[in-house]
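Breakdown of the fold
Spelled out, the chains give:
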Amino acid sequence: MKLTLLLPDLRFARQAGFDPVVEMALPGLSSLLGRADRRPQPATTMEDWLRQQFGGEGGGAAALTLPLDLPGAAAGHWLRADPVHLRADRDRAFLFDASLLAIDQAEADALVAALNKLYADDGYQFVAATPNRWYLRLPEAPDFTTTPLARVVGQDVHAHLPKGPTALRWHRLLNELQMLLYTQPANDAREQAGRPTINSIWLWGEGVAPHGLIKPCDRLVGNDALACGLAQAAGVAHQALPAGWKASGAGHTLICLDQLVASARQGDIHAWREALQQLERDWFQPLLAAWQAGEVDAIDMVLLGAQQTLQASLRRGDRWKLWRRPVLLRDCLAEAV
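Let us look at the structure shown here. (Residues numbered from 1 in each chain as written. Predicted model: local features only at pLDDT ≥ 70, side-chain atom pairs only at ≥ 80, totals over all residues. Heavy atoms only, no water.)

1. Points about the packing of aromatic side chains
Quick note on the threshold: The aromatic pairing rule takes the rings of Phe, Tyr and Trp, using the six-membered ring of Trp, and pairs them if the centres are within 6.5 Å, calling planes under 30 degrees apart stacked, those over 60 edge-to-face and the rest tilted. Exposure classes here rest on a 1.4 Å probe applied to the protein chains alone. A residue is buried below 20% of its type maximum, exposed above 50%, and partly exposed in between. Elements are defined by DSSP. Helices are runs of H or I of four residues or more, strands are runs of E of two residues or more, and each kind is numbered from the N terminus.
For the coordinates displayed, the defined rule picks out six aromatic pairs. Pairing Tyr119 with Phe126 gives two aromatic rings, centres 6.1 Å apart and planes at 45°, and the pair type is tilted. By the burial criterion, Tyr119 is buried, and Phe126 matches it. Where Tyr124 meets Trp170, the ring centres are 5.6 Å apart and the plane angle is 35°; that geometry is what we call tilted. Pair noted here: Tyr124 is in the loop between α4 (105-119) and β6 (125-128) and Trp170 is in helix α5 (residues 167-182), with a separation of 46 residues, a long-range link. An aromatic cluster of three or more residues is present, and its members are Tyr119, Tyr124, Phe126, Phe144 and Trp170.

2. Let's talk about the sheet that holds strand β3 (residues 37-42)
Stated precisely, the cut-off is as follows: A pair of strands is treated as paired once DSSP finds two or more bridges between them. Simply put, an axis is a line fit to the C-alpha atoms, just over the touching stretch for a helix, and the angle between two N-to-C directions goes from 0 to 180 degrees.
Judged by pairing direction, the sheet is mixed, and its seven strands sit side by side in the order β3-β13-β12-β1-β11-β9-β10 without closing on themselves. Of all the strands in the sheet, the pair left with one neighbour each is β3 and β10 (237-239). For this sheet the average axis-to-axis angle between neighbouring strands, irrespective of direction, equals 20°. The pairing of strand β9 (residues 219-221) with β10 spans three bridges and is parallel. Each bridged residue has a counterpart across the sheet, and for Arg219 the counterpart in β10 is Ala237.

3. Looking at empty space enclosed by the protein
Convention followed: We place a 1 Å grid over just the protein atoms. Points where a 1.4 Å probe fits but has no way out form a cavity, open points with protein on both sides within 12 Å along at least 5 of 7 lines form a pocket, and any residue with an atom within 4 Å of a point lines it. Grid points are joined across faces, edges and corners, and a volume is the space filled by probe spheres set on the points. The residue classification treats Ala, Val, Leu, Ile, Met, Phe, Trp, Tyr, Cys and Pro as nonpolar and Asp, Glu, Lys and Arg as charged. All others, Gly included, are polar.
Going through the model one piece at a time under the given rule, you end up with two cavities of 30 Å³ or more. Lining the largest cavity are Val221, Gln239, Pro242, Trp245, Lys246, Ser248, Ile255 and Trp283. Looking at the lining of the largest cavity residue by residue, the classes come out as five nonpolar, two polar and one charged. Taken as a whole, the second largest cavity holds about 30 Å³ of empty space. The class makeup of the residues in the lining of the second largest cavity is six nonpolar, one polar and no charged.

4. Looking at the packing of helix α1 (residues 27-35) against helix α9 (residues 269-292)
Rules: Every angle not falling under 35 degrees, over 145, or within 65 to 115 is termed oblique; those three ranges are roughly parallel, roughly antiparallel and roughly perpendicular. Crossing chirality is assigned from the near helix's rotation relative to the far helix, an anticlockwise turn below a right angle marking it left-handed and a clockwise turn marking it right-handed. By the convention used here, residues are in contact when the closest approach between their heavy atoms is within 4.5 Å.
Their axes nearest at 7 Å, the elements α1 and α9 cross at an angle of 50°. By the angle between their directions, the pair α1 and α9 is classed as oblique. Both α1 and α9 take part in a crossing whose hand is left-handed. When α1 is examined against α9, the residues Pro27, Gly28, Leu29, Ser31, Leu32 and Arg35 are found in contact with a partner set consisting of Leu276, Glu280, Phe284, Gln285, Leu288, Trp291 and Gln292. Classifying every residue of the contact of α1 with α9 gives seven nonpolar, four polar and two charged.

5. As for the state of the cysteines
Cut-off, in case you're wondering: Throughout, a disulfide means two cysteine sulfur atoms within 2.5 Å of one another.
Taken as a whole, this structure holds zero disulfides when the rule is applied. No disulfide involves Cys217; its nearest neighbouring cysteine sulfur is the one of Cys256, lying 8.6 Å away. Overall, the relative accessible area of 7% leaves Cys217 in the buried class. Counting only cysteine sulfurs, Cys228 is the nearest neighbor of Cys256, a cysteine outside any disulfide, at a range of 7.3 Å.

6. Here's the deal with the pairing of strand β1 (residues 2-8)
Burial of β1 is extensive: six of the seven residues sit out of reach of the surface. The pairing of β1 with strand β11 (residues 252-256) spans five bridges and is classified as parallel. By the bridge assignment for β11, Leu3 is matched with Thr253.

7. Considerations on the side chain of Arg11
Condition: Here a polar contact means two N or O atoms within 3.5 Å. Within protein one must be a hydrogen donor candidate and the other an acceptor candidate, and residues neighboring in sequence count only if both atoms are side-chain atoms.
One can find Arg11 in the loop between β1 and β2 (12-13). A distance of 3.1 Å separates the side chain of Arg11 from the backbone oxygen of Gln308, its partner in a polar contact. Engagement of the side chain of Arg11 in a polar contact is seen with the backbone oxygen of Leu333, the distance being 3.4 Å. Apart from residues lying up to four places away in sequence, Arg11 is in contact with Leu303, Leu304, Gly305, Gln308, Thr309, Leu310, Cys332, Leu333, Ala334 and Glu335.

8. Here's the deal with the pattern of salt bridges
Our working definition: Here a salt bridge means any side-chain nitrogen of Lys or Arg lying within 4 Å of a carboxyl oxygen belonging to Asp or Glu.
The final tally for this structure, using the stated rule, is 17 salt bridges. Notably, a salt bridge pairs Arg195 with Glu107, separated by 3.9 Å at the nearest N-O pair. Of the two residues, Arg195 sits in the loop between α6 (185-192) and β8 (200-204) while Glu107 sits in helix α4, which places them 88 residues apart along the sequence. The class of Arg195 is partly exposed, set by a relative accessible area of 33%. When the shortest N-O distance is used, the salt bridge between Arg324 and Asp318 registers 3.6 Å. Side by side, Arg324 and Asp318 carry an identical accessibility label, which is buried. Among the charged side chains, a network of salt bridges with common partners joins Asp37, Asp318, Lys321 and Arg324.

What is shown is where atoms sit, not what they do.
The following block contains the structure:
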């Protein structure tokens with residue numbers, strides 16, 4: 001049995017006096033990394049890494065996730081139109097995604113109904129497939145390019161707005177719908193409760209479904225929509241991420257352990273530490289024990305970082321390299337700024 005563990009947002013920027021893993025007991029993670037062969041690789045995002053593994057670099061994200069969220073969706077030109085919160089700061093507007101918003105389906109449906117009423121004559125159809133993943137169906141293929149949502153979280157949106165021949169028209173549309181969302185009862189209730197409002201959407205994911213995908217694994221385990229969409233399009237079995245490690249059968253399994261992503265995007269160090277401690281208890285310690293017992297033959301850990309990706313590989317023979325000791329996580333996980 002071979003496992004590949006994809007671990008976004010486990011690495012952090014090296015800063016004087018900043019050690020997010022200080023006083024944390026993480027023997028499973030430090031032992032796995034210490035016993036492994038570690039190799040630096042070029043930095044990449046989770047989306048780009050997944051696309052490279054499946055050979056789906058050119059496919060549209062909306063076309064990949066739509067069959068999961070709306071299996072019976074009508075054919076057409078679809079974009080992701082995900083709900084976001086924009087926070088103004090002088091002449092800048094910083095974007096926060098739905099992981100901060102805790103949207104329920106009733107709110108999503110109400111806001112999408114208002115958008116559809118406003119844009120019915122334009123032939124635009126908004127759909128809240130899930131509380132966090134919304135879609136926009138266009139009457140014709142988009143002639144603009146967008147930036148994936150994950151690359152804009154925490155950033156000023158102005159440099160990432162749609163680009164192309166009709167970009168200004170879409171900038172105006174975003175301004176219009178922001179004004180509409182501002183007036184909605186669902187957002188009034190959020191504001192009164194002291195919760196961030198759903199005051200914009202982020203358009204992204206244009207393009208057709210990719211063809212000729214490859215199968216980099218026998219099965220995928222995870223909750224990330226793009227990962228599951230790529231797996232489904234490639235004919236790879238996929239299942240939701242369980243609460244902790246459990247053997248999923250022979251062959252090669254790709255496991256997306258993205259539990260740190262939401263807290264990292266929100267800059268919530270306490271939630272990040274709690275999520276990491278849970279990963280240690282439910283995944284890293286059981287996986288270390290399974291590898292030591294010979295139940296797992298090989299483990300590849302892919303630690304995505306902003307400056308560099310770290311790949312750590314464990315094989316059968318590494319069990320006997322007893323001189324390899326647990327690493328000091330602060331040094332192993334920190335990245336130079």
